[in-house]
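Residue-level structural notes
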Amino acid sequence: MYYVLFAVWYLFSLLPFRVHYCFSDLLYVLIYHVAGYRKKVVRQNLASSFPEKSAEELRRTERDFYHWFCDYMVETVKMFSISEQNMRRRMVFEGMEQVADDARRGRSVSIYLGHYCNWEWISSLPLHVPADVICAQLYHPIENKVMNRLFLYSRGRCHAHSVEMLDAFRQLAAWKKEGKVTITGYIADQVPGFGAMHYWPWFLNHDTPAYTGGERIARILDTSVYYLDIHRPRRGYYVAKVIKICDDTKQLPKFGVTEQYFRLLEQSIRRAPGLWLWSHNRWKRTREQFNAEFSEEERKRILSKL
């Protein structure tokens with residue numbers, strides 16, 4: 001089955017971008033107007049995040065989201081065969097001089113980003129750094145093993161290393177021990193499980209539970225920390241600007257990195273709200289549920305992990 005789907009995905013990916021975007025326009029009609037994919041979740045998220053917006057503004061953002069989401073799907077397929085030259089042209093990185101300077105000094109880097117614009121194309125970052133620098137991206141394995149293998153192949157085409165989240169610290173620590181410089185990407189805007197709730201930033205008008213694993217790793221391995229601010233100047237083209245959060249995590253208070261990440265991510269989303277993954281039920285777990293789930297002693301133990 002893997003090889004059958006590989007062949008189908010690869011052959012479809014060979015189609016020109018203009019054909020892919022025709023499919024995207026068709027998908028938009030099917031997903032938004034016919035199936036109404038997760039429309040209730042999208043509307044609830046938008047309304048609670050932007051109470052100041054009118055009903056028409058919210059509907060416009062909703063339509064923008066579904067248009068972009070369909071583009072994201074066909075662009076992810078196209079990634080299966082896109083050339084490195086074409087990827088360099090369509091996924092541009094700005095401010096990489098800072099990262100290169102860290103690498104020259106033998107300092108590893110942590111880069112935060114969100115489910116914003118096309119995060120799959122960020123795996124092309126190795127095309128913009130010296131060959132001896134390891135670029136890693138953390139991931140949750142997809143339950144379907146065939147699809148998991150296909151995505152790992154696609155994400156590795158530009159020489160990025162996919163590291164399973166549960167194995168992240170061990171692998172990054174091993175590379176550090178070997179004297180290797182790493183650039184690691186953390187998509188940290190998904191909802192954590194109750195046992196991983198250590199901090200609640202105020203994000204998009206919500207008291208939001210946040211993953212802090214990336215900050216813990218950055219502190220232990222003593223990395224520089226950046227945020228990746230992505231925008232889409234036009235269809236099929238992205239610009240990712242690296243913004244330094246800190247040179248030394250010790251310069252910031254506990255959860256300071258996580259707090260700054262969410263502030264920067266919110267700025268990106270408010271600039272072009274249709275480009276974030278609104279179909280994700282981001283606020284399905286609350287502080288009240290967390291407090292009800294664990295005793296006071298258990299909550300203190302969980303919150304003291306960083």
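Keep in mind that this is a model prediction, so the values were computed, not measured.

A look at the overall build of the chain
- Scanning the chain for helices and strands turns up 12 helices and nine strands.
- Computed over the C-alpha atoms, the radius of gyration of the chain is 20 Å, within 12% of the 19 Å expected from 2.2 N^0.38 for a compact globule of 306 residues.
- Here the chain, with 306 residues, has 51% of them falling under the buried criterion.
- Contacts spanning at least 24 positions in sequence make up 78% of the contacts within the chain whose residues lie at least 6 apart.
- When the accessible surface of the chain is totalled, it reaches about 14,700 Å², and 55% of it is carbon and sulfur.
- Mean positive and mean negative side-chain charge positions of the chain (44 and 33 charges, respectively) differ by 3 Å.

Some words on the side chain of Glu266
- Here Glu266 lies in helix α10 (residues 256-271).
- Look past the residues within four positions of Glu266 in its chain and what remains in contact with it is Trp202, Phe203 and Leu204.

Observations regarding the environment of Thr212
- Here Thr212 shows up in the loop between β7 (206-207) and α9 (213-221).
- As for Thr212 and Tyr199, which are separated by 13 residues in sequence, their C-alpha atoms are 7.3 Å apart.
- Engagement of the side chain of Thr212 in a polar contact is seen with the side chain of His198, the distance being 2.7 Å.

A look at the packing of helix α1 (residues 2-13) against helix α7 (residues 145-155)
- Relative orientation of the contacting elements α1 and α7 amounts to 45 degrees, with a least axis distance of 10 Å. Relative to α7, α1 is oriented oblique. Here α1 runs over α7; the crossing is right-handed. Facing Tyr2, Tyr3, Leu5, Phe6 and Trp9 of α1, the residues of α7 in contact are Val146, Met147, Arg149, Leu150, Phe151 and Tyr153.

Topic: α7
- For α7, the set of buried residues is Asn148, Leu150, Phe151, Ser154 and Arg155. Projection of α7 onto a plane perpendicular to its axis shows the buried side chains occupying an angular sector of 165 degrees, all on one side.
- Contacts from the buried residues of α7 go to α1, α4 (55-78), β3 (134-139) and β4 (161-164).
- Put simply, Asn144 is the residue that caps the front of α7, since its side-chain oxygen is 3.0 Å from the backbone nitrogen of Val146.

As for the pattern of salt bridges
- If you walk through the whole model with that rule in mind, you get 22 salt bridges.
- For Glu178, the salt bridge goes to Lys180, with nearest N and O atoms at 3.1 Å.
- Look at Lys180 and you get partly exposed, because its relative accessible area is 39%.
- Bridged by salt links that share partners, the residues Asp101, Asp102, Arg104, Arg105, Lys244 and Asp247 form one connected network.

Quick notes on the packing of aromatic side chains
- Tallied over the entire structure, the rule returns 36 aromatic pairs.
- Plain terms: the ring middles of Tyr28 and Tyr32 are 5.3 Å apart, the flat faces sit at 25 degrees to each other, and that makes the pair stacked. Highlighted residues: Tyr28 and Tyr32, both in helix α2 (residues 17-35), separated by four residues, approximately one helical turn. The same class applies to Tyr28 and to Tyr32, which are both buried.
- Taking the centre distance of 5.4 Å and the plane angle of 55 degrees together, the rings of Phe290 and Phe294 count as tilted. For the residue pair Phe290 and Phe294, the accessibility class agrees, reading buried in each case.
- Linked through ring pairs, Phe50, Tyr112, Tyr186, Phe203, Tyr227, Tyr261, Phe262, Trp276, Trp278 and Trp283 together constitute an aromatic cluster.

Points about the pairing of β3
- The element β3 is extensively covered by neighbouring structure, given that six of its six residues are classed as buried.
- Bridge count for β3 against strand β5 (residues 182-187) is four bridges, and the pairing is parallel. Within the sheet, the bridge partner assigned to Cys135 lies in β5 and is Ile183.
- As defined by bridge partners, β3 adjoins β4 across four bridges and the pair is classed as parallel. Residue pairing in the sheet places Ala136 in a bridge with His161 of β4.
- Remark: the β3/α7/β4 crossover connection has right-handed handedness.

Rules and cut-offs
Residues numbered from 1 in each chain as written. Predicted model: local features only at pLDDT ≥ 70, side-chain atom pairs only at ≥ 80, totals over all residues. Heavy atoms only, no water. Helix = DSSP H or I, 4+ residues; strand = E, 2+ residues; numbered from the N terminus. Rg over C-alpha atoms; globule rule 2.2 N^0.38 Å. Buried < 20%, exposed > 50% of the residue type's maximum accessible area, 1.4 Å probe, protein only. Contact = heavy atoms within 4.5 Å. Areas by Shrake-Rupley, 256 points an atom, 1.4 Å probe, with all protein chains shown as cover. Lys, Arg positive; Asp, Glu negative; His and termini not counted. Charge placed at Lys NZ, Arg CZ, Asp CG, Glu CD. Polar contact = N/O pair within 3.5 Å; in protein donor to acceptor, adjacent residues only side chain to side chain. Axes fitted to C-alpha atoms, helices over the stretch in contact; angles between N-to-C directions. Parallel < 35°, antiparallel > 145°, perpendicular 65-115°, else oblique. Left-handed = near helix turned anticlockwise from the far one by under 90°. Arc of directions from axis to C-beta. Salt bridge = Lys/Arg side-chain N within 4 Å of Asp/Glu carboxyl O. Phe/Tyr/Trp six-rings, centres within 6.5 Å; stacked < 30°, edge-to-face > 60°. Pairing = 2+ DSSP bridges. Right-handed = clockwise from strand over helix to strand, strands pointing away.

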